[in-house]
Amino acid sequence: MQLLESFFKLKEHGTTVKTEVIAGFTTFLTMAYIVLVNPLILSSTGMDLNAVFVATCLAAALGTAIMGLVANYPIALAPGMGLNAYFTFSVVKGMGLSWETALGAVFISGIVFLAVSLFKVREAIVNAIPQSLKFAISAGVGMFLAIIALKNAGVIAPHPETYLTLGDIHKPTALLAIFGFFLIVALEYRKVPGSIIIGILVVTVLSIAFGLSPFKGIVAPVPSMAPTFMAMDIQGALNAGLIGVIFVFFFVDLFDTTGTLVGVSHRAGLLDKDGKLPRLKRALMADSIAITAGAAMGTSSTTAYIESAAGTAVGGRTGLTAVVVALLFLAALWLSPLAATVPAYATAPALCYVAVLMARGLAEIEWNDLTESAPAVMTALAMPFTFSIADGIAFGFISYAVIKILAGRFADLRPAVLIIAALWIFKLAFFH
């Protein structure tokens, strides 16, 4: 106990070992759904589901452990929602690339993230991007997740005239998915810990009871990671000219991680007197190492999870909370049959709920200024309707720059925005 006290500075942060352990369990329960959802999403690219399950658990455990032991923050990391969807539906299925090449792009983005963290240019990049676009990108990613979820559940379906229409909601699978979403929202409103994982498991149990999906067990020896381990094709990612893809992986993770770190730390009272985050470089190092290691093991980009706020809400203040979460992710390695048992429509409610959380950013947009709100709306809408996070970001930057110029608001445009907009125009013109 004394060793934990001195290493994590528990008294200095006004916490105890017991509080930190409880906080760790709370955070894990709120984000444990990722070990079920991530393998399902990535396996649709042809990746081995069990290998992705192991990679998900190990990447989460590694990144979270580094965050706790090196940065001493109660913040957990895992493969990010939205980034896994971009990996699967935009890069592999949308562009027709192999999942090995996509992993190579993730690996390179992690190296870029590491360099940015080491040379302190992160602040310059983050500060150069308009606030309205940051909020819109988050909301757009959420809408993208929602349309994927509704499609997987059969709630929406393709239509030759209107492109999309209401699916066959008389099907038990669609009804179960809808019920699961209602259940998660109700449990979350009642502040029940682990509401998302409870919703997934309830739908799965009902699915098995109704004979809609088979039960494959709960506990088993840890599966082999061989099918995805070190399978990333770095050369292929470079040869394919995936600069835009690498940029999106880097860009989304940068804002996701930075926003989560600041948001959770602010709620937990961990910011310094100037409102800045101490040991920021260490925290970003944890994320970048987890990204590169995760790609090597076989999963999409790892990022900090906003669900960490659940742990800080019950008193988690130090890296000991994160270490507990990391140990629980390691323990989850023996639950691969459970991950294989969960059908896609059982995870759809979780994706829809995450979309609700991510849509909050729209409330922060300056709606009275059309030069800010119009590009933001274009960004958020383009992601689900083009089925591409990258195209949504492109629409956002291009529309922001052009509208500001035409409106005579040149002073609002920073050089970085103009450069990024020009690069997206070039890419769409010649490489789309």
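For the structure itself, look to the data block above.
Let us look at the structure shown here. (Residues numbered from 1 in each chain as written. Predicted model: local features only at pLDDT ≥ 70, side-chain atom pairs only at ≥ 80, totals over all residues. Heavy atoms only, no water.)

The next thing to look at is helix α10 (residues 195-209). Here α10 is 15 residues long and its end C-alpha atoms lie 21 Å apart, about the 21 Å a rise of 1.5 Å per residue gives. By the burial criterion, the buried members of α10 are Ser 195, Ile 196, Ile 197, Gly 199, Ile 200, Val 203, Thr 204 and Ser 207. Residue Gly 211 follows α10 closely and has a positive phi angle near 75°. (Helix = DSSP H or I, 4+ residues; strand = E, 2+ residues; numbered from the N terminus. Expected span 1.5 Å × (residues − 1). Buried < 20%, exposed > 50% of the residue type's maximum accessible area, 1.4 Å probe, protein only.)

One non-glycine residue, Asn 72, lies in the positive phi region at around 60°. For Asn 72, the location among the structural elements is in the loop between α4 (49-71) and β1 (77-79). For Asn 72, a relative accessible area of 11% gives the class buried. Phi is positive for Met 230, close to 55°, though the residue is something other than glycine.

This part is about the environment of Met 143. For Met 143, the location among the structural elements is in helix α8 (residues 131-153). Of the residues examined, Met 143 reaches a relative accessible area of 26% and is grouped as partly exposed. A sequence separation of 58 residues divides Met 143 from Ala 85, and the C-alpha atoms of the two residues are 11 Å apart. Ignoring sequence-local partners within four residues, the contact set of Met 143 consists of Leu 362, Ala 380 and Pro 384. (Contact = heavy atoms within 4.5 Å.)

The subject of this paragraph is the nonpolar core. Among the nonpolar cores identified, the biggest contains 127 residues, and Met 81, Phe 87, Phe 329, Ile 393 and Phe 397 are the most heavily contacted of them. What Phe 397 contacts, discounting residues up to four positions off in sequence, is Ile 129, Leu 133, Phe 251, Val 417, Ile 420, Ala 421 and Trp 424. (Core = buried A, V, L, I, M, F, W, Y, C linked by side-chain atoms within 4.5 Å.)

Below, the discussion takes up the pattern of salt bridges. In the structure shown here, the tally under the stated rule is four salt bridges. Its salt-bridge partner being Glu 372, residue Lys 404 comes within 2.9 Å of it at the nearest N-O pair. Separated by 32 residues along the polypeptide, Lys 404 in helix α19 (residues 389-406) and Glu 372 in helix α18 (residues 370-386) bring together distant segments of the chain. Since its relative accessible area comes to 0%, Lys 404 is described here as buried. Residues Asp 412 and Arg 409 are paired through a salt bridge, measuring 2.8 Å at the closest nitrogen-oxygen approach. (Salt bridge = Lys/Arg side-chain N within 4 Å of Asp/Glu carboxyl O.)

This brings us to the environment of Met 378. Mapped onto the fold, Met 378 is located in helix α18. Sequence separation between Met 378 and Ala 136 is 242 residues, and the spatial gap between their C-alpha atoms is 8.5 Å. In this view, Met 378 contacts Phe 395 and Ser 399; residues no more than four positions away in its chain are not counted.

Before going further, it helps to spend a moment on the pairing of strand β3 (residues 163-166). Pairing analysis gives four bridges linking strand β2 (residues 156-159) to β3, with the strands arranged antiparallel. Paired with His 159 across the strands is Tyr 163, a residue of β3. Connecting β2 to the antiparallel partner β3 that follows it, the hairpin turn spans three residues. (Pairing = 2+ DSSP bridges.)

For helix α13 (residues 280-297), which comprises 18 residues, the first-to-last C-alpha distance of 26 Å matches the rise-based estimate of 26 Å (1.5 Å per residue) to within 8%. Most of α13 sits inside the fold, with 14 of its 18 residues counted as buried.

Examined against the element boundaries, Thr 341 turns out to sit in helix α16 (residues 336-341). By relative accessible area, which is 3% here, Thr 341 ends up buried. Among the polar contacts listed, one links the side chain of Thr 341 to the backbone nitrogen of Lys 216, at a separation of 3.0 Å. Within the structure, the side chain of Thr 341 is placed 2.8 Å from the backbone oxygen of Pro 337, a separation counted as a polar contact. Among residues more than four places away in sequence, those in contact with Thr 341 are Thr 204, Ile 208, Ser 213, Pro 214, Phe 215, Lys 216 and Gly 217. (Polar contact = N/O pair within 3.5 Å; in protein donor to acceptor, adjacent residues only side chain to side chain.)

Relative to the elements of secondary structure, Ser 288 occurs in helix α13. Using a relative accessible area of 1% as the deciding quantity, one classes Ser 288 as buried. Within the structure, Ser 288 has its side chain in polar contact with the backbone oxygen of Met 285 (distance 3.0 Å).

Two numbers describe how helix α6 (residues 99-118) lies on α13: the axes approach to 8 Å, and their chain directions differ by 160°. With respect to α13, the element α6 is oriented roughly antiparallel. You can see that α6 and α13 cross each other, and the crossing is left-handed. The segment α6 lies against α13, with Leu 103, Val 106, Phe 107, Ser 109, Gly 110, Ile 111, Phe 113, Leu 114, Ser 117 and Leu 118 engaging Lys 281, Leu 284, Met 285, Asp 287, Ser 288, Ile 291, Thr 292 and Ala 295. (Axes fitted to C-alpha atoms, helices over the stretch in contact; angles between N-to-C directions. Parallel < 35°, antiparallel > 145°, perpendicular 65-115°, else oblique. Left-handed = near helix turned anticlockwise from the far one by under 90°.)

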